Every structure is written in C-alpha cells, then in structure tokens.
Amino acid sequence: MISFRATPSRLIPFFCIFISGAASLVYELIWIRQLALIFGGSLYAISAVLCAFMTGLAIGAWGIGLFISYRNKQKKNVNLVFLYGLIEGLIGLYGLFFPYGLELISSLYAPLANRTIEISFLLHWVEFFLSTALMLPATICMGATLPLIGSWSIGKSSERIIPDVSILYSLNTFGAVAGCLYTQTIALKYFGISVTNFTAVGANFLVFILCTTLHSSFIKNPSPKTQVIQTKTNCESSLSTDRKLSLLLIFIFAYSGMASLASEILWTRVLVFPMGTTLNSFTIILATFLFGIALGSIISNKIFGNSNHVIKFLLIQLSIAILCITILPLFERLHEWTLKADQVFYDLDNVALKTLGIRSLFAFGLMFLPSLGFGLIFPLANRINLHLFKTNSKTLGNSYALNTIGATLGTIFTPFIFIPFMGIRMSLFVIYSILIILCFVAISIQLKWNDKNFIKSGFISIIIIFIGYIWSNPKISTEQPGSQNLARVEMNTPRSHLNLLDYIEGDFSTLSVIENKKSKARTLYSNGFSTATVSNSIGGSAYMQAMGFIPMALHPNPKKAMVICFGTGNTTGTVSLFPGVQVDSVEIDKNIISLAHHFSKWNHNAQRKKNVQMHIQDGRTFTRWSKNNYDVITLEPMSPIQAGTVNLYSREFYQLAANRLNENGIMMQWLPLHLVGKDDAKSILKTFQKVFPHTSIWNSFLTRIVLLVGSKDKIALDKIRFEELMRLPNIKITAQQIGINSFLDFTDFFLTNTNNVDSFIQNADLITDDRPLLEFSPVAFLPPLKWEVDETFINYLKHRAVKYPKVTGLISSEKKQWEQNFRKRTAQRLSVFSRRYHGPGESAFMKKNYLGGLSQIKSYLKKKGGKPISLKNAQWK
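If you're wondering where the values come from, they're calculated on a predicted model, not measured in any experiment. (Residues numbered from 1 in each chain as written. Predicted model: local features only at pLDDT ≥ 70, side-chain atom pairs only at ≥ 80, totals over all residues. Heavy atoms only, no water.)

Glancing now at the overall build of the chain. A count of helical and extended segments in the chain gives 30 helices and 14 strands. Computed over its C-alpha atoms, the radius of gyration of the chain comes to 31 Å, within 12% of the 29 Å expected for a compact globule of 877 residues. Principal-axis analysis of the C-alpha atoms gives the chain an extent of 105 × 60 × 55 Å. Within the span of the chain, comprising 877 residues, buried residues form 59% of the whole. A separation of at least 24 residues holds for 78% of the contacts in the chain among residues at least 6 apart in sequence. Roughly 34600 Å² of accessible area belongs to the chain as shown, and the carbon and sulfur atoms make up 61% of that amount. Distance from the positive charge centre (83 side chains) to the negative charge centre (49 side chains) of the chain: 3 Å. (Helix = DSSP H or I, 4+ residues; strand = E, 2+ residues; numbered from the N terminus. Rg over C-alpha atoms; globule rule 2.2 N^0.38 Å. Buried < 20%, exposed > 50% of the residue type's maximum accessible area, 1.4 Å probe, protein only. Contact = heavy atoms within 4.5 Å. Areas by Shrake-Rupley, 256 points an atom, 1.4 Å probe, with all protein chains shown as cover. Lys, Arg positive; Asp, Glu negative; His and termini not counted. Charge placed at Lys NZ, Arg CZ, Asp CG, Glu CD.)

Okay, structure coming up:
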C-alpha cells in the first residue's frame with residue numbers, strides 16, 4: 001500500500017487546496033443568496049442557479065485534464081503549482097467584480113421578467129443561462145483546481161492516485177465544511193454578504209501569492225522505483241478490464257454522484273421535520289454531508305490496498321445502496337422523534353447547546369454512514385478510470401467532471417421527477433435499487449461469470465430488492481398522520497384524534513392538511529411547520545382575516561390589492577370581499593393552491609373568484625418585477641426566522657413594496673411575537689418604519705401576533721367608511737368573525753403609532769439584504785418565553801394609556817363617548833398584564849376598577865419617563 005507523505009514541499013499546496021475548498025463554498029452560498037434576490041427563491045430559480053454553478057465545475061475539471069495531457073504530449077512542461085496560483089488569483093479577481101455582474105444580469109433579466117413574471121419553462125431556462133453566464137468563468141476555474149493540484153502531486157506515478165487523491169479530495173472537502181460553517185454561522189451574521197465575499201476573495205489572493213512566489217520550491221517527491229514497479233504490477237492485474245466494463249464503471253460512478261446529491265435533497269426533506277427549516281438546521285445538514293465525504297476520502301487509502309480495486313469499488317457501492325434502503329423504516333418513527341425534539345426544544349430547562357446537539361444527532365444519524373461511503377468511492381474511482389482515460393491528468397479531470405455531472409442531474413431529477421412522481425421514500429428505494437442492479441451486473445462482468453452465474457446474480461439482486469421493498473415499505477399512505485407519511489403530529493395530541501385530509505410530497509415542500517376530530521379545526525402544514533389553523537371558534541382564523549380587513553378598511557377606496565403568501569387563503573378571501581377590488585394573490589408553491597378547497601368555508605373559495613388572479617411565484621420577485629401598482633399590499637410569510645423568509649422582511653423588500661404602492665397606498669406586514677426574539681421584533685419594526693414613516697401597530701385577536709400598517713401619509717380611522725363597509729353582508733360577517741361588531745371594536749385593534757416607540761427600538765439593528773439578521777435569531781435554538789413575548793407587546797400597548805389614535809367621522813358627543821369607551825378597553829387590556837405580572841393597578845384591576853387601575857399605570861409611566869417596561873423573570877419592573 002502506498003501511503004501519503006506530508007513533506008515540506010507539499011504542505012503549502014495542500015494547505016492551499018483546503019483554503020480553495022473553503023472559498024468555493026463561501027462563493028456558492030452567497031452567490032445563490034444574491035441571485036435569489038433577482039430570480040426569487042422558487043424551486044425553479046434555485047435549481048437553475050445550482051445547476052449553473054455545478055456545470056462550471058464540471059467543465060473546468062474536464063478542460064484542465066485535457067490541457068495538461070495535451071501539454072505533456074507535446075512535451076511542454078507546465079509549472080502546475082504556478083498555474084494553480086494564477087487560477088486562484090483569477091477566481092479572487094472575479095469574486096471582487098461579481099457584484100457588478102449581478103447588476104448586469106439584473107438589467108438583462110428585467111425586460112423578460114416584466115413581460116412574463118409567472119414561473120414558466122422559458123423563464124427557468126433564462127435564469128439558468130443568465131446564472132451560467134455570470135458564474136461560469138469563476139466556476140470553471142474552481143473546477144480546475146483539484147485536478148490541477150492532483151496532477152502536480154501525482155505526476156506520472158499512477159500508483160499515487162489513491163493516496164494523493166484521498167488526501168487532496170479530503171482536504172478540499174474539509175475546506176468546504178469550514179467554508180459552510182464560517183459563512184452560515186459567523187460571516188453573514190457579523191460581516192454581511194459583501195464583506196463575506198471580500199474574505200473569500202482574500203483567501204483566493206492568499207493562495208495566489210503563496211503559489212506564485214514559492215512555486216519553485218514545490219517539487220514532487222517520487223516514490224522509489226522498486227515501489228513503482230511493484231505497484232504497477234498489482235495495478236495492471238487489478239485493472240485488466242475490457243472497455244465495456246470500464247464504461248459501465250464510469251456510468252456507475254456518475255450515477256453514484258447523482259444518487260449522492262439526490263439523497264442529500266431527499267434526506268433534507270425528511271430532516272426538516274425534527275430539525276426545523278432554520279438556517280442553522282440546513283447548515284448542520286450540509287456540513288454533516290460534506291464531513292462524511294471528507295472523512296471517507298481520507299481513510300480510503302488506509303483500507304483499500306493496491307489490488308482488487310474494481311471489486312472493492314462495487315462492494316462499497318452495493319453496501320451504500322443496501323444501507324440506504326435498510327434505514328428507510330426509520331422514517332416511520334420520525335413523528336415520535338419529532339415530538340421528542342419538540343419537547344426538548346420547548347422545555348423551560350433547555351439550553352441552546354442541547355438543541356444544537358440534538359439536531360446534529362439527527363443529521364449524523366441519518367447521513368453520516370452513506371456520505372462516508374460516497375467519500376470512500378472517489379479516490380478509488382479515479383484509480384479505476386485510469387484504464388479508460390490513460391493519463392493521470394485526464395483521469396482526475398474527467399472523473400471529477402463525471403461525478404459533478406451526476407450531481408447536477410440529481411439536483412434536477414429529484415425535485416422535478418423523483419419526488420412528484422414517487423414520493424421521498426420511494427425515490428430513495430428506486431435510486432438504490434437501480435444501483436444494486438448495476439453493481440451486480442458489473443461484478444458479473446468483472447469476475448467473468450458464465451451465463452448461468454450471470455442469471456444467478458440477477459436473481460440475487462432481485463431478491464435483495466424484493467426483501468428491501470418488503471422491509472422498507474416505501475409506499476405513501478394517507479390513512480393516518482405519521483403512518484407511512486411525514487404528516488406532522490403536534491405534542492399532546494394523539495394521532496387517533498386527527499384526520500389526515502390531504503397529503504402531498506411536492507417538488508417544493510411536503511404539505512399536509514390535518515383536522516382535529518373534536519374541534520374540527522384544520523391546520524395546513526408545510527415541511528412540518530404549522531402555517532395556519534382555522535376553525536369555527538371565535539378567533540379561529542382572526543389574525544389572517546384581520547390582515548385583509550384592517551388595511552382594506554383603512555384605505556378610502558381600494559381597487560387593486562396584492563396578497564403575498566396564499567396559505568389557507570383566508571387573507572386573500574377577506575380582501576376579495578371588498579367592493580370593486582381586483583386581487584393579485586402570490587404563492588410560491590403551486591401545491592398550496594391545490595389544497596385551498598379544504599379551507600373554502602373560511603377563504604370564500606378565493607382561488608376561484610373572478611376578481612382574484614393567482615400567481616405562482618416568489619413574493620419578492622413578483623413585487624420587484626410586476627408592472628402593477630396597488631392600493632393595498634398585505635403579506636403573511638412563514639416564520640420570520642425560517643431560512644429565506646428574511647427576504648420578505650428586509651429594508652430593500654419594503655422599498656420594493658413601497659414603489660408598488662399608489663400615492664395613498666397601505667402596506668401591512670405581520671409580526672408574530674411568539675416566533676421571534678425581543679431584539680428580532682425591534683429590528684423588524686425599525687426596518688419597516690425606515691421605509692414607511694407613518695407606521696402604526698395593530699393587534700389581532702391573539703396578543704402574540706401584531707400587525708404593522710405602513711403608508712407614505714398619515715392614516716385616520718374613519719367611522720363613516722367603517723359603517724359603509726358594515727352595511728355589506730359578507731364584510732359584516734367577516735368582521736364579526738374576528739370580533740369586530742362596532743367602530744369601537746375596530747379601533748380597539750389599534751395599539752400605537754411607531755413614533756411613540758422610537759426610544760424602545762432605537763438601538764435595534766436594521767434588517768437588510770446584506771445582513772439577514774433574522775436568520776441568526778437565538779429563537780432558532782430556544783423559543784421565546786411567555787414573559788418575553790408579553791414584554792414586547794406591553795411596550796406597544798402602554799402608549800394607549802395616554803394617547804389615542806386619530807379618528808374621523810364622529811361628532812363631538814360621539815367622540816367623547818368613544819374616548820370613554822376606548823379608555824376602558826385600554827384599561828381592560830392592560831389589566832391582563834398587571835394581574836399576570838403584579839404590576840401597578842393590580843389591586844384595582846382585581847376589583848374590576850379599570851379606570852382606577854389605568855390611572856395608577858399612567859402615574860407609573862410618568863415616573864418611568866419613557867423607559868421601557870421590563871417583565872424579566874415574570875416580574876413587572
């Protein structure tokens with residue numbers, strides 16, 4: 001066995017390949033983010049960008065292999081380390097000017113996007129070609145780096161392919177792990193995208209300086225001649241394969257590249273249930289997958305030896321396939337593990353490190369062993385492929401390219417073919433069943449089995465697959481939540497109390513509609529997250545209806561409205577009830593729309609109404625590229641801390657929305673206090689106010705959810721407008737469903753204007769595209785405590801004790817009566833928190849002396865002098 005030797009002349013180039021892997025992953029992660037701001041976060045747009053990135057890697061690897069082989073054939077020496085340094089310098093230079101390329105791509109994309117903003121096949125191809133045009137120069141260079149250093153390290157000694165590729169591929173992939181963790185946990189949070197890009201550029205320039213200034217000292221250390229001869233003999237005996245077998249082995253290698261990327265996507269779709277869809281969860285998943293590959297590569301040289309490479313290659317592939325089918329039944333226990341993870345997450349004694357550890361355990365438990373196998377394969381495949389490609393450089397380049405092409409196909413096939421047509425578990429079963437068949441065919445050819453034995457091998461493979469099918473039972477069943485499906489079951493709710501009304505494993509997400517048999521409440525889940533719950537009880541879907549009712553009632557005469565995020569359709573349905581309005585409803589996942597009929601009792605069949613036009617597109621992309629202007633824009637995205645959702649909470653998005661509003665237009669954004677931290681809520685409010693100077697805060701039926709209303713001009717609550725609307729039967733019924741029976745009830749939803757809370761939010765950070773702070777919220781590891789949610793809310797509500805909203809349409813006597821009633825409503829609201837946290841006025845409130853208690857709170861606030869109320873440790877301070 002040939003071992004890797006870390007001589008001084010090799011350490012710096014090998015260190016550089018680690019840095020190169022880290023920088024490449026940094027670029028990939030931030031460039032995908034930046035392009036998503038142009039093309040959107042839809043599955044089509046993301047896959048287009050990712051495929052474009054990997055296409056460049058494949059071309060670069062293939063091209064550098066041809067180049068080195070051609071130069072060697074012409075007997076023209078190339079200083080490979082010096083060339084590697086130049087290429088790294090070019091990558092850095094390109095990264096430096098990448099933002100200007102983004103601006104150019106945006107200007108080229110704009111004309112087409114303005115004409116056909118809907119997701120379409122044509123738009124998808126345009127996104128792919130523009131992404132490719134932008135990233136190709138850099139990604140071609142990135143793809144060339146590993147084969148280039150590999151060719152330098154191996155030279156003409158083919159016996160060094162396995163030991164050197166083993167360490168080089170491992171270092172490069174460990175670098176990718178470091179780049180992933182650095183970008184997603186440190187750089188974006190503290191530096192922002194722009195500075196993070198510069199750090200990657202700096203890494204490239206460091207490699208450039210090291211390799212171009214010290215290249216003459218990097219000499220190869222050839223193995224002793226006797227060792228070369230002995231290894232050559234062993235290799236020749238192990239690689240005496242015919243061309244058909246060589247082609248089949250190459251196909252299996254490329255297929256395993258497809259299987260690895262497909263599996264990562266499929267496993268991610270499973271892991272989001274117990275781990276959640278926050279950025280840190282996706283970071284753990286990606287880092288775990290890459291870590292397994294890196295570790296597999298580095299230990300491959302220790303276990304393979306110098307003979308029987310083909311058989312070992314096939315046996316490892318076979319082991320991976322059998323393992324991945326064997327673990328499929330574990331998915332059946334996913335709902336139990338998810339419930340246990342939730343119990344730990346919501347435990348009052350939980351700490352962030354425990355949450356991190358449990359999520360990491362899920363990722364490692366599912367992915368580590370298969371990804372370790374994928375890492376073992378790569379060095380071995382390079383040695384096997386030498387028989388077909390002849391030269392070391394072509395072997396390294398072509399092998400890397402083939403594996404990357406396979407991975408690219410996995411990125412395409414999995415969301416667009418495998419999942420929609422077969423589901424997640426069946427996709428994994430089919431992918432690895434095919435791999436089992438391919439491996440048995442190749443083993444039969446390699447061992448030169450006769451026809452009888454060949455048939456036996458086929459029979460054995462079929463038996464293995466059949467047993468695997470019976471064992472794994474990969475079919476989808478929709479009879480019961482959590483049984484042969486990934487439908488979410490909440491804590492403290494027995495599955496026997498639930499009906500699974502619908503279930504879709506779609507291209508974009510896994511969706512389910514679950515009904516509680518007793519309450520008849522229905523919940524829409526997306527990737528295990530409860531997007532909305534509706535019921536017949538008072539307030540069952542109040543905040544969703546309020547998000548439609550409040551801005552439409554505040555506007556004097558809305559004719560054009562946009563609702564971003566359709567969900568159950570309640571907000572869209574409420575908006576559509578207003579007279580003369582045309583509604584654009586935007587939803588990123590087409591399968592969401594197909595489930596809307598389950599909520600027709602509450603959404604008024606919004607998706608079928610003539611005055612509602614449905615658009616399948618990313619909400620931000622639609623807002624940016626649509627030509628329409630609106631009187632009202634309202635949106636209810638997923639949880640603000642979920643990965644990607646921050647794009648609908650940034651200053652730049654709010655500016656895009658403001659540009660789409662007519663002169664007296666109104667913007668509404670939901671702020672779920674129970675899903676964000678205290679500082680997150682302050683940042684959201686401050687960012688919103690930066691764009692909409694006239695911002696007010698409203699409260700739905702639930703105190704844990706507030707609504708932000710923004711406009712360019714001041715807004716008044718008009719009683720005449722309100723009463724006109726209440727004469728319309730459908731609107732009156734909707735208003736009553738959210739607890740609005742009078743003008744007083746409507747005004748009671750108002751909390752305060754944001755100029756009253758300036759001191760409360762003055763130290764908050766702004767959320768921008770460059771610094772997506774919400775994705776790094778501590779709430780991703782520990783949910784906010786009840787007192788923290790209440791503390792934020794009461795610092796909004798307290799201003800009602802001394803300041804009233806501006807109202808119009810009231811005569812003097814009516815206004816006086818309204819003020820008295822509004823004051824009492826305010827006191828009743830404040831009494832809840834005073835009694836809960838033993839605050840001022842508690843004794844008066846206990847005796848239902850609301851005005852007396854309110855007077856004590858006023859005195860308390862006057863003494864506080866504008867300082868925020870603290871409820872820390874459940875004590876009013």
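Don't stop here, the text continues.
Grouped together as the largest cluster of nonpolar side chains are 141 residues, with contacts concentrated most on Trp-31, Phe-39, Met-135, Trp-267, Phe-313, Leu-314 and Tyr-432. Among the elements that take part in this core, helix 8 (residues 243-275) stands out by supplying 16 residues, more than any other. Discounting chain neighbours no more than four positions away, the residues touching Trp-267 are Phe-289, Cys-324, Phe-331, Leu-366, Met-367, Pro-370, Leu-428 and Tyr-432. Membership of the second largest hydrophobic core comes to 115 residues, among which are Met-562, Ala-596, Val-706 and Ile-794. (Core = buried A, V, L, I, M, F, W, Y, C linked by side-chain atoms within 4.5 Å.)

Let us now look at empty space enclosed by the protein. In total, this model carries 7 cavities of 30 Å³ or more according to the counting rule given. Its boundaries defined by the atoms lining it, the largest cavity holds a volume of some 80 Å³. Lining the largest cavity, in full, are Phe-273, Phe-331, Leu-334, His-335, Thr-338, Gly-482, Asn-485, Leu-486, Ala-487, Arg-488 and Val-489. Among the residues forming the lining of the largest cavity, the class breakdown is 6 nonpolar, 4 polar and 1 charged. In this structure, the second largest cavity is lined by Leu-146, Pro-147, Gly-150, Val-165, Leu-168, Phe-378, Asn-382, Leu-396 and Tyr-400. Elements supplying a minimum of two residues to the lining of the second largest cavity: helix 4 (121-154), helix 5 (161-190), helix 12 (352-389) and helix 13 (392-422). (1 Å grid on protein atoms, 1.4 Å probe; cavity = no way out; pocket = protein on both sides within 12 Å on 5 of 7 lines; lining within 4 Å. Points joined across faces, edges and corners; volume = space filled by probe spheres on them. Nonpolar A, V, L, I, M, F, W, Y, C, P; charged D, E, K, R; others polar.)

Take the packing of helix 21 (residues 651-660) against helix 22 (residues 678-691) next. Between helix 21 and helix 22, the least distance of the axes is 9 Å, while the angle of their chain directions is 35°. Read as a crossing pair, helix 21 and helix 22 show a hand that is right-handed. The residues of helix 22 that touch helix 21, namely those facing Arg-651, Tyr-654, Gln-655 and Ala-658, are Ile-684, Thr-687, Phe-688 and Val-691. (Axes fitted to C-alpha atoms, helices over the stretch in contact; angles between N-to-C directions. Left-handed = near helix turned anticlockwise from the far one by under 90°.)

With that settled, consider the pairing of strand 1 (residues 498-505). Where strand 1 and strand 2 (residues 510-516) come together, 7 bridges link them in antiparallel fashion. Bridging from a neighbouring strand, Leu-498 pairs with Asn-516 of strand 2. Linking strand 1 back to strand 2 in an antiparallel pair, the connection comprises 4 residues. (Pairing = 2+ DSSP bridges.)

The next subject is the sheet that holds strand 3 (residues 522-526). Sheet architecture is open: 4 strands sit in the order 1-2-3-4, paired in antiparallel fashion. Every other strand in the sheet has two partners, leaving strand 1 and strand 4 (529-534) as the edge strands with one partner each. Looking at each pair of strands side by side, their axes are set apart by 15° on average, direction ignored.

Time to look at the confidence of the model for the chain. Averaged over every residue, the pLDDT of the chain is 89; the share at 70 or more is 95%. Here helix 7 (residues 225-238) stands out as the element of the chain with the lowest mean pLDDT, 39, in contrast to strand 5 (residues 560-564), whose mean of 97 is the highest. When the criterion is pLDDT under 50, residues 221-240 qualifies, and its contacts beyond four places in sequence or with other chains add up to 29 contacts. (pLDDT = per-residue confidence, 0-100.)

Further remarks concern the packing of aromatic side chains. This model, assessed by the stated rule, comprises 39 aromatic pairs. Relative to Phe-692, the ring of Tyr-654 has its centre 6.5 Å away and its plane inclined at 65°; by these criteria the two rings are edge-to-face. You can see Tyr-654 sitting in helix 21 and its partner Phe-692 sitting in the loop between helix 22 and strand 10 (694-699), a full 38 residues away along the chain. Classification of Phe-692 as buried rests on a relative accessible area of 1%. Within the aromatic cluster, the residues linked to one another by ring pairs are Phe-549, Phe-578, Trp-698, Phe-722, Phe-743, Phe-746 and Phe-750. Stacked on the ring of Phe-760, the Lys or Arg Lys-682 has its end atom at 4.6 Å from the ring centre. (Phe/Tyr/Trp six-rings, centres within 6.5 Å; stacked < 30°, edge-to-face > 60°. Lys NZ or Arg CZ within 6 Å of the ring centre and 35° of its normal.)

Despite not being glycine, Lys-390 shows a phi value in the positive range, around 75°. Checked against the element boundaries, Lys-390 lands in the loop between helix 12 and helix 13. Even without being glycine, Gln-484 reaches a positive phi, approximately 60°. Relative to the elements of secondary structure, Gln-484 occurs in the loop between helix 15 (451-472) and strand 1. On the basis of relative accessibility, which here comes to 13%, the residue Gln-484 falls in the buried class.

Time to look at the state of the cysteines. Applying the stated criterion to the full structure yields 0 disulfides. With no disulfide of its own, Cys-51 lies 19 Å from the sulfur of Cys-180, the closest cysteine sulfur. Free of any disulfide, Cys-439 has its nearest cysteine sulfur in Cys-324, 12 Å distant. (Disulfide = S-S within 2.5 Å.)

Looking only at helix 21, the buried set comprises Phe-653, Tyr-654, Leu-656, Ala-657, Ala-658 and Arg-660. Tucked inside the fold, the buried residues of helix 21 contact strand 5, helix 20 (619-625), strand 8 (630-635), strand 9 (661-672) and helix 22.

Once that is clear, we can look at a nonpolar patch on the surface. Judged by side-chain polarity, Leu-90, Leu-93, Leu-96, Phe-97, Tyr-100, Ile-186, Tyr-190, Phe-191, Val-195 and Phe-198 come together as a nonpolar surface patch covering roughly 980 Å² of accessible area. Sorting the residues of the nonpolar patch by element identifies helix 3 (80-115), helix 5 and helix 6 (193-213) as the ones contributing at least two each. With 5 residues, helix 3 is the largest single contributor of residues to the nonpolar patch. Inspection of the secondary structure assignment puts Tyr-190 in helix 5. For Tyr-190, a relative accessible area of 52% gives the class exposed. (Patch = residues over 30% accessible without salt bridge, like charges linked within 9 Å, V, L, I, M, F, W, Y side chains within 5 Å. Salt bridge = Lys/Arg side-chain N within 4 Å of Asp/Glu carboxyl O.)

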